Amino acid sequence: MVTKPPKRILARQHEITADFLKVIDQHLADILAEKALDMYEIRDVADVMHIHPTHLSNTIKFATGKSPCDFFEARIMDIVKRMLTETNMPIAEIARKLTFDPSNFTKFFKRFEGITPKQYREQAFAETVSH
């Protein structure tokens, strides 16, 4: 027979998850503002939160069904898509601003969108022109 975890444990899991999301959002804002030069890894976020990286990963996975990387990558993709559609910043500059090597950036983007950043920008532009 499986017993449910106590409510305080469930509440703590959600608190850790919410704190994790705040930390990555702040870190990405710092990256964009050039207040931070290197992209955090999970161990860096765990250090900021004063918990063990394995505990952080396991807690987020248990509470949400997703890994911490899934959230981090989704946030990065949201920023990239906005930058591609709302600015004329060169793609290589967007990559550098987000601490990517430009060739790795294209691979990263294509893995999630199925198209390159350039193709995404062109499609977004074509959609705005046709409306």
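Residues numbered from 1 in each chain as written. Predicted model: local features only at pLDDT ≥ 70, side-chain atom pairs only at ≥ 80, totals over all residues. Heavy atoms only, no water.

### What about the packing of helix 4 (residues 68-86) against helix 7 (residues 117-130)?
Thought 1: Taken N-terminus to C-terminus, the directions of helix 4 and helix 7 make an angle of 55 degrees; their axes are 9 Å apart at the nearest point. Taken as axis vectors, helix 4 and helix 7 run oblique relative to one another. As helix 4 packs across helix 7, the resulting crossing turns out to be right-handed. Across the interface between the two elements, Lys81, Met83, Leu84 and Thr85 from helix 4 touch Pro117, Tyr120, Arg121 and Ala124 from helix 7.
Thought 2: Residue composition of the contact of helix 4 with helix 7, grouped by class: five nonpolar, one polar and two charged. (Axes fitted to C-alpha atoms, helices over the stretch in contact; angles between N-to-C directions. Helix = DSSP H or I, 4+ residues; strand = E, 2+ residues; numbered from the N terminus. Parallel < 35°, antiparallel > 145°, perpendicular 65-115°, else oblique. Left-handed = near helix turned anticlockwise from the far one by under 90°. Contact = heavy atoms within 4.5 Å. Nonpolar A, V, L, I, M, F, W, Y, C, P; charged D, E, K, R; others polar.)

### Some thoughts on the environment of Thr128
Thought 1: Assignment of secondary structure puts Thr128 in helix 7.
Thought 2: A relative accessible area of 56% places Thr128 in the exposed class.
Thought 3: For the pair formed by Thr128 and Glu34, sequence separation is 94 residues and the distance between their alpha carbons is 30 Å.
Thought 4: At a separation of 2.8 Å, a polar atom in the side chain of Thr128 contacts the main-chain carbonyl oxygen of Phe125. (Buried < 20%, exposed > 50% of the residue type's maximum accessible area, 1.4 Å probe, protein only. Polar contact = N/O pair within 3.5 Å; in protein donor to acceptor, adjacent residues only side chain to side chain.)

### A short note on the environment of Ala36
Thought 1: Position of Ala36 among the secondary structure elements: in the loop between helix 1 (7-32) and helix 2 (42-49).
Thought 2: Taking the relative accessible area as the measure of exposure, Ala36 reaches 19% and is therefore buried.
Thought 3: Considered as a pair, Ala36 and Pro53 are 17 residues apart in the sequence and their alpha carbons are 20 Å apart.

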